[in-house]
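# Summary of structural features
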Amino acid sequence: MSNQNPPNIEVASGSVDNSADKPWGGRFSEPTDAFVERFTASVGFDQRLYYHDIQGSIAHATMLASVGVLSDAERDQIIQGLNEIRADIEAGQFQWSVKLEDVHMNIESRLTDKIGITGKKLHTGRSRNDQVATDIRLYVRDEIDAIAAELTRLQQGLVALAEREADTIMPGFTHLQTAQPVTFGHHMLAWYEMLCRDFDRLGDCRKRVNVMPLGAAALAGTTYPINREYTAQLLGFDRPTANSLDSVSDRDFAIEFCSFASLLMIHLSRFSEELVLWTSAQFNFIDLPDRFCTGSSIMPQKKNPDVPELVRGKSGRVTGALISLLMLMKGQPLAYNKDNQEDKEPLFDVIDTVKDCLKAYADMVPAIQVKEDVMREAARRGFSTATDLADYLVKRGVAFRDAHEVVGKAVGYGVKTQKDLADMSLDELRQFSANIDADVFDVLTLEGSVNARNHLGGTAPAQVRLAVAKAKAALESRRAG
Ligand code: ARG
């Protein structure tokens, strides 16, 4: 991200005669300083809005013709010219110019070159201030829909993995210390749940993105008899915005989007941290296929989990962009200020980063290979059924605090003798409480432990299967709705 201009942009070498070059040059008596021209230009990064800029202009021209401000012939000429420009841009045949500052003036100026005086009528009743606000909303709306689809693909992968591993036992952790056995499927569904909240937040954000600022013009509205409902309808917006001053200065929607994205990235970062731990020799719980990993140039044995590491790292830049946008807005009086031009680079970077990270995860998750035996052994070794033993004693009339004490002593004995609870004989266990009988081994097994947590939201394989069925139905209804 920088104010460097890409190579496809023409930059002035000296100063320029504004009256000839700039659409706003009329009142200026000296050319813009060449550095200032570059410093204030946004075309280097906002050209990616070209598609939505043209979409907005076509709707605007259509509306102007419907209220008689343009003739039908003028409208048709404008639309044809804009469509040709779009084709030129997509064919890489459009010469962007820094002299023309931004995507809006580049396209408008080219339109006038193409169709003459009629091109100059397109900007009737609008300003770049409502134009750019509209363009970003159209652009973000499309990206939201693409991100929602990718998020859904990742969630489908998680649900499929959860179903495949519904019975697989692993240690569950608190404080990263072995706590109680859980099922791998249950663990995957925890990630699914987080992403459901992200999906909902994205949908909520979309509602506030999908309103149309066009018609606010520079800040106060316009003197032409515009029909904003019609333009909004043409562009698929839910409605026009309600206040012209707010319309041109509001960037809440971009902040909300980056806030959604930050939370999503924090979730992916936590997920990444687990994958990095789990692929280490110390945990050795899972394997990631080679195609998602890289090696070391010096240590031949290395297989590094680069994809999760990078996703974890990229959460930083997304959160940084959120803070940039918040600070960008902090001191701005109404209405539009040039500061707002700075909204684009962080926003675009967030969109690119989130799409890449979601793609990487949606591709990688279904390919996670689970090492069932290692996880099972780790759960068995860590006294993970100690709570089950305490619960067993409580069911036999022992008060929970006393049961806790008894089990604590048994664990202490196990640490000394290097035996897990399930490895001890009945006589060994009975040293700690006479309430223990042979049926204790039903709860000390890993299966006994997870199967006992058989309630809504619990880790029992039966519950995982129910949760998978619900998740599948929810994902299916997303497609329908
Ligand atoms: N390039 C500007 C932006 O990104 C477009 C709006 C400029 N408006 C103006 N009055 N200078 O915000």
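Before going into details, it helps to say that this report is about the structure given with it. Since the structure is predicted, the reported quantities are computational estimates derived from the model, not experimental observations.

## Overview of the site of the ligand
Around the ligand, the neighbouring residues are S42, D46, D102, H104, R128, N129, V132, Y336, Q341 and K344. Taking Y336, its side chain carries an N or O atom lying 2.5 Å from an oxygen atom of the ligand. Notes on the ligand: free accessible area 340 Å², of which the protein chains cover 86%. Among the elements that take part in the shell around the ligand, helix α7 (residues 128-164) stands out by supplying 3 residues, more than any other. Partitioned by chemical class, the residues of the shell around the ligand number 2 nonpolar, 4 polar and 4 charged.

## Some thoughts on the pattern of salt bridges
A full pass over the atoms with the stated rule returns 40 salt bridges. The partner of R312 in a salt bridge is E273, and the shortest N-O contact between them spans 2.5 Å. Placement of R312 in helix α12 (residues 306-330) and of E273 in helix α11 (residues 252-279) is noted, with a sequence separation of 39 residues between them. For R312, a relative accessible area of 28% gives the class partly exposed. Beyond isolated ion pairs, a larger network of salt bridges with shared partners links E101, D102, R128 and K338.

## Remarks on the packing of aromatic side chains
Inspection of the entire model under this criterion finds 14 aromatic pairs. Plain terms: the ring middles of F173 and F283 are 5.9 Å apart, the flat faces sit at 65° to each other, and that makes the pair edge-to-face. Placement of the pair is F173 in strand β3 (residues 169-174) and F283 in the loop between α11 and β7 (286-287), with a sequence separation of 110 residues. In this structure F283 comes out as buried when scored by relative accessible area, which is 18%. Seen in terms of ring centroids, F257 and F260 are 5.8 Å apart; in terms of plane orientation they differ by 45°. Their pairing is tilted. Taken together, the positions of F257 and F260, both in helix α11 and 3 residues apart, correspond to about one turn of that helix. Pair check on accessibility: F257 and F260 agree, each one buried. Chaining the aromatic ring pairs together yields one cluster made of F173, F184, W278, F283 and F285. Directly above the ring of F28 sits R27, whose terminal nitrogen or CZ lies 5.9 Å from the centroid.

What counts, and where the lines are drawn
Residues numbered from 1 in each chain as written. Predicted model: local features only at pLDDT ≥ 70, side-chain atom pairs only at ≥ 80, totals over all residues. Heavy atoms only, no water. Near = heavy atom within 4 Å. Polar contact = N/O pair within 3.5 Å; in protein donor to acceptor, adjacent residues only side chain to side chain. Areas by Shrake-Rupley, 256 points an atom, 1.4 Å probe, with all protein chains shown as cover. Helix = DSSP H or I, 4+ residues; strand = E, 2+ residues; numbered from the N terminus. Nonpolar A, V, L, I, M, F, W, Y, C, P; charged D, E, K, R; others polar. Salt bridge = Lys/Arg side-chain N within 4 Å of Asp/Glu carboxyl O. Buried < 20%, exposed > 50% of the residue type's maximum accessible area, 1.4 Å probe, protein only. Phe/Tyr/Trp six-rings, centres within 6.5 Å; stacked < 30°, edge-to-face > 60°. Lys NZ or Arg CZ within 6 Å of the ring centre and 35° of its normal.

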